[in-house]
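# Results of the structural survey
Residue-level listing of the chains:
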Amino acid sequence: MDRGRRSMWRYLAGALAVVMLAAGGLLLVNGRAASDRLLPAMPRQTAGEPAALPDTVPEATARTREEKRFGRYDKDSNGKITREEYLANRRKAYARLDTDHDGTLSFDEWAVKATTKFAGADADHDGAMSPAEFATTAVKRKPKTKCACPPAPAAAAGEEEG
């Protein structure tokens, strides 16, 4: 391969790695959403009975999302975030990428997910992806869920549709 073509592949691999890291970051951020219900389940209603209301009203928590985030960073709970506390998460992420633990991050270590994904998608191992092979690298999106609302109440027994 000539030098220009090799340089082009490096740019392409770098761009693919950046896209993969951005997608991974987006998935990481979206994956931290709470899966627990915020409200209790609505009690089942039997035919002919009015819906029963809960005895208590759920209260909002005193801590806001930002206060919770602050608490996760403030490891010693002194009400201040030091530089070390702030950078601790970044150090952990860097350590996970530094697979040979030499303290430096090579391009191969940084782009390992992208290169692994490329190798898995290149089914015929020719060093290039066909359109069908490339289609397998698309991000799998979760389908949007429909509202889990209770069904609409049935028309009263005495009413007739006209």
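Residues numbered from 1 in each chain as written. Predicted model: local features only at pLDDT ≥ 70, side-chain atom pairs only at ≥ 80, totals over all residues. Heavy atoms only, no water.

## Observations regarding the overall build of the protein chain
Looking only at helices and strands, the protein chain has 6 helices and 0 strands in total. From first element to last, N terminus to C terminus, the protein chain shows the α and β order α-α-α-α-α-α. Sorting the 162 residues of the protein chain into buried and exposed places 8% on the buried side. Long-range pairs, those at least 24 residues apart, make up 23% of the contacts in the protein chain between residues at least 6 apart in sequence. Carbon and sulfur atoms make up 60% of the accessible area of the protein chain, which totals about 14900 Å². (Helix = DSSP H or I, 4+ residues; strand = E, 2+ residues; numbered from the N terminus. Buried < 20%, exposed > 50% of the residue type's maximum accessible area, 1.4 Å probe, protein only. Contact = heavy atoms within 4.5 Å. Areas by Shrake-Rupley, 256 points an atom, 1.4 Å probe, with all protein chains shown as cover.)

## Some points on the confidence of the model for the protein chain
Here the protein chain averages 78 in pLDDT, while 72% of its residues score no lower than 70. By mean pLDDT, the top-scoring element of the protein chain is helix 6 (residues 131–135) (89), and the lowest-scoring one is helix 1 (residues 3–31) (83). (pLDDT = per-residue confidence, 0-100.)

## Some details on the packing of aromatic side chains
Summed over the entire model, instances satisfying the criterion amount to 2 aromatic pairs. Pairing Phe107 with Trp110 gives two aromatic rings, centres 5.7 Å apart and planes at 50 degrees, and the pair type is tilted. Residue Phe107 and its partner Trp110 are both found in helix 4 (residues 107–110); the two are separated by 3 residues, about one turn of the helix. Look at Phe107 and you get partly exposed, because its relative accessible area is 39%. On the basis of relative accessible area, Trp110 is assigned to the partly exposed category, the value being 28%. (Phe/Tyr/Trp six-rings, centres within 6.5 Å; stacked < 30°, edge-to-face > 60°.)

## A closer look at the pattern of salt bridges
Evaluated as defined, the whole model comprises 2 salt bridges. In this structure, the salt-bridge partner of Glu66 is Arg69, at a minimum N-O distance of 2.9 Å. One end of the pair, Glu66, and the other, Arg69, are both in helix 2 (residues 65–73), 3 residues apart, so they sit about a helical turn from each other. Its salt-bridge partner being Glu84, residue Arg91 comes within 3.3 Å of it at the nearest N-O pair. The exposure class assigned to Arg91 is partly exposed, which follows from its relative accessible area of 45%. What makes Glu84 partly exposed here is its relative accessible area of 48%. (Salt bridge = Lys/Arg side-chain N within 4 Å of Asp/Glu carboxyl O.)

## Some details on the side chain of Glu109
Position of Glu109 relative to the elements: it lies in helix 4. Despite its burial, Glu109 pairs with no opposite charge, the nearest such side chain being Arg96 at 13 Å. In this view, Glu109 contacts Leu97, Asp98, Thr99, Asp100 and Thr104; residues no more than four positions away in its chain are not counted. (Lys, Arg positive; Asp, Glu negative; His and termini not counted.)

## Observations concerning helix 3 (residues 83–97)
Here helix 3 spans 21 Å end to end across 15 residues, near enough to the 21 Å set by a 1.5 Å rise per residue. At Asn89, helix 3 shows its strongest bend, of approximately 35 degrees. (Expected span 1.5 Å × (residues − 1). Bend = angle between axes of the 7 residues up to and from the residue.)

## Some words on the environment of Leu27
Residue placement: Leu27 occurs in helix 1. Residue Leu27 is classed as exposed on the basis of its relative accessible area, which comes to 54%.

## What to know about a nonpolar patch on the surface
Judged by side-chain polarity, Met8, Trp9 and Leu12 come together as a nonpolar surface patch covering roughly 300 Å² of accessible area. Since its relative accessible area comes to 49%, Met8 is described here as partly exposed. (Patch = residues over 30% accessible without salt bridge, like charges linked within 9 Å, V, L, I, M, F, W, Y side chains within 5 Å.)

## Section: unusual backbone geometry
Located in the positive-phi region is Ser77, a residue other than glycine, with phi close to 50 degrees. Tracing the backbone shows Ser77 in the loop between helix 2 and helix 3. Here His101, not a glycine, exhibits a phi torsion of approximately 55 degrees, which is positive. Mapped onto the elements, His101 comes out in the loop between helix 3 and helix 4.

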